[in-house]
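Now for the letters of each chain:
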Amino acid sequence: MNRTNQALMGTIIGVAFVFAAYSFALLVMDIYGVTFEFELNQFYDWIVMIIPESVRDAYWSLTELYTDLGGEDTTYLSIGLFAIGFALVAAGCASRPTFDMKGGDDDPQEYIFTHKPKGFLWCLMIPWNILTVAWRLKKVPVILPIIFIPFMLPFALIMDVFLAVLFVIGWAFMAVRIKLAASKDLDAYEKDTQYAVCPRCKRNFFQPDIRCICGLVLSYPVPNKYGVKYHTCNRGHKIPSTNANGSRAKMQASCPFCKGDMLTHEAKPVAISMVGSVGSGKTTMMISAVETMAVMAKEKGIVSEIITNGISFNAQRGKANIPPTHAGELDSEYFFLRSRDLPEKQIIINDISGVEFQPDKDKILFEEYYRYNDGIILAIDPLEVMALYHSQSPTKGSKNTPVATLESFYHMYTEINGYGPAVKSTVPFAVVLTKMDDPKVRSAINAEDSPVEFLNKYGHKMVVDIAQSAFKNVRFFKVASLGENNNAVDPFIWILAENDKDLKAKMF
């Protein structure tokens, strides 16, 4: 049980139980004919008086029936019966049902004492919980506490009065505390994070689920009915419900849709999509760019944490011999950037095989990230452009040409986003001529004033026209992904700078 519940229950049940014990003491003195003047006596008399007279008469008739069975001297018997009743009330207060705050299987974490479903009624049942225990233990023993209900009644009613009043006060106090903490936490999350992305199913959502160290999957811990500073899973493990000192960001996240494990670090995601035909150099450019960004980050005092294997240091060492990207849906590649004076960023890159951009009437669209991507990079192989220009064969109409790839991508992009033909996307769109490390390519492109002039000269003006008609923010690049003049990071820097001013100021 968490500390909040310990404090609330200790206070509320403790105060109520003290008055129940006090009423027992008064009752014993009354049986002995002892009077004791004390200010609380009047309060006790008032509580007794709120019970309807008919109920009091029936109660005393029943207790007299019990005590009359003891013979002429019923003093000790009366005290004994009421002592048993008081002990049963005390046992109910200390029983397992009283401290059962566990949530259901759909969200297995403990509730706050005052915010448990039907909490008020459950609170009033605390003095009677010995009946619940007896029923759960075995149905026959429940008869025993039932016999003593008349002798439990005065102490249970006294407790219920105090429990009701203190519960309402406790609920109001916790409601205000939760609201203030939740508002502060929400403001910080919306400012620094905004949403999370699953690298497997590619869906984005406000907050993921959390996987506890014991394996239980819980809703994202925020100040709510489960706790203010901490939540507690049904197995007793503490889970931070705010990101003070970055503690919550370190939790293992879980996608609420595909249930796959993931990391978010509560970092603001920036999603970049790679587009290009087979062999256009997308993957090599991506790996080279991540390698350069890691070096740039280190020079600026920013920590880079690469999570996925596709852009890992091993991948960077072998970037000159990257095999073709597998067809089909692949996990997103991602890494984190953080420093003391920079809110953490999650850079997500979606790189899929060029085969997926070949026109196909029966194509199944899985590119969910087109709904929220922050930038798109179209990779074009200049060797392919020049070969198509000089070729007199029908291959100019191939499914694998830059024009066909761009048209196929744009069809996918508009269909997933529901855009009409007149809609221009505001997402930054980089058109990149790759393989500038090849002398032949470098010579041909540098002979022109710009990448746009190169594309126009070699029969790919349509690429320029489609890009500029479909996107408001278009920029053209020429990059080398290998060698000393490696500048594959340039289009990535441009997209990141367009999306995040803090990152631009700190790193670029």
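Here the structure is shown first, and the text comes after it.
The following refers to the structure shown.

Conventions and cut-offs
Residues numbered from 1 in each chain as written. Predicted model: local features only at pLDDT ≥ 70, side-chain atom pairs only at ≥ 80, totals over all residues. Heavy atoms only, no water. Helix = DSSP H or I, 4+ residues; strand = E, 2+ residues; numbered from the N terminus. Buried < 20%, exposed > 50% of the residue type's maximum accessible area, 1.4 Å probe, protein only. Contact = heavy atoms within 4.5 Å. Pairing = 2+ DSSP bridges. Axes fitted to C-alpha atoms, helices over the stretch in contact; angles between N-to-C directions. Polar contact = N/O pair within 3.5 Å; in protein donor to acceptor, adjacent residues only side chain to side chain. Core = buried A, V, L, I, M, F, W, Y, C linked by side-chain atoms within 4.5 Å. Patch = residues over 30% accessible without salt bridge, like charges linked within 9 Å, V, L, I, M, F, W, Y side chains within 5 Å. Areas by Shrake-Rupley, 256 points an atom, 1.4 Å probe, with all protein chains shown as cover. Salt bridge = Lys/Arg side-chain N within 4 Å of Asp/Glu carboxyl O. Parallel < 35°, antiparallel > 145°, perpendicular 65-115°, else oblique. Nonpolar A, V, L, I, M, F, W, Y, C, P; charged D, E, K, R; others polar. Phe/Tyr/Trp six-rings, centres within 6.5 Å; stacked < 30°, edge-to-face > 60°.

Thoughts on the overall build of the protein chain
A tally of helices and strands in the protein chain yields 17 helices and 15 strands. Here the protein chain holds 508 residues, and the buried ones make up 50% of them. Contacts in the protein chain between residues far apart in sequence, at least 24 positions, make up 71% of those at least 6 positions apart.

Side note on the sheet that holds strand β9 (residues 268-276)
Reading across from one edge, β10-β11-β12-β9-β13-β14-β15 is the order of the seven strands in this open sheet, with mixed pairing throughout. Strand pairing shows two members of the sheet lacking a second neighbour, β10 (303-306) and β15 (474-478), which therefore form its edges. When the angles between neighbouring strand axes are averaged without regard to direction, this sheet yields 20 degrees.

Brief notes about the environment of Ser277
The topology assignment puts Ser277 in the loop between β9 and α9 (282-299). Relative accessible area serves as the criterion here: at 2%, Ser277 is assigned to the buried category. Put simply, Ser277 and Ala404 are 127 residues apart on the chain and 8.7 Å apart in space, counted from C-alpha to C-alpha. Side chain to side chain, Ser277 and Glu384 meet in a polar contact 3.3 Å long.

Quick look at the nonpolar core
Residues Tyr370, Phe409, Phe429, Val431, Phe454 and Leu455 are the most contacted members of the largest nonpolar core, which totals 46 residues. With seven residues, the top contributor of residues to this core is helix α12 (residues 402-417). Core analysis: the second largest hydrophobic core is formed by 39 residues, Ile12, Phe24, Ile79 and Phe162 among them.

A look at the sheet that holds strand β7 (residues 252-254)
The pairing of strands in a sheet comes from backbone hydrogen bonds and takes either a parallel or an antiparallel form. Taken in spatial order, the four strands make up an open sheet running β4-β3-β7-β8, and their pairing is antiparallel. The open sheet is flanked by β4 (217-218) and β8 (261-262), the only strands paired with a single partner. Here strand β3 (residues 209-211) pairs with β7 via three bridges, running antiparallel. Looking at the pairing, Asp209 lines up with Ser254 of β7.

With respect to a nonpolar patch on the surface
On the surface, Phe120, Leu121 and Val168 cluster together to form a nonpolar patch covering roughly 280 Å² of accessible area. Along the chain, Phe120 falls in helix α5 (residues 119-124).

Digging into the packing of α9 against helix α16 (residues 490-499)
At their nearest, the axes of α9 and α16 sit 9 Å apart, and the two run at 65 degrees to each other. Here α9 lies roughly perpendicular to α16, going by the angle between them. Between α9 and α16, the residues in contact are Met285, Met286, Ala289, Met293 and Met296 and Pro491, Phe492, Ile493 and Leu496, respectively. Per-class residue counts for the contact of α9 with α16 are nine nonpolar, no polar and no charged.

What about the packing of aromatic side chains?
Applying the stated criterion across every chain, the model contains 29 aromatic pairs. With a centroid separation of 5.1 Å and an interplanar angle of 70 degrees, the aromatic rings of Tyr189 and Phe206 are classed as edge-to-face. In this pair, Tyr189 is assigned in helix α8 (residues 149-192) and Phe206 in the loop between β2 (204-205) and β3, connecting sequence segments 17 residues apart. Judged by relative accessible area, which is 37%, Phe206 ranks as partly exposed. Taken together, a centroid distance of 5.9 Å and an interplanar angle of 50 degrees make the contact between Phe205 and Phe257 tilted.

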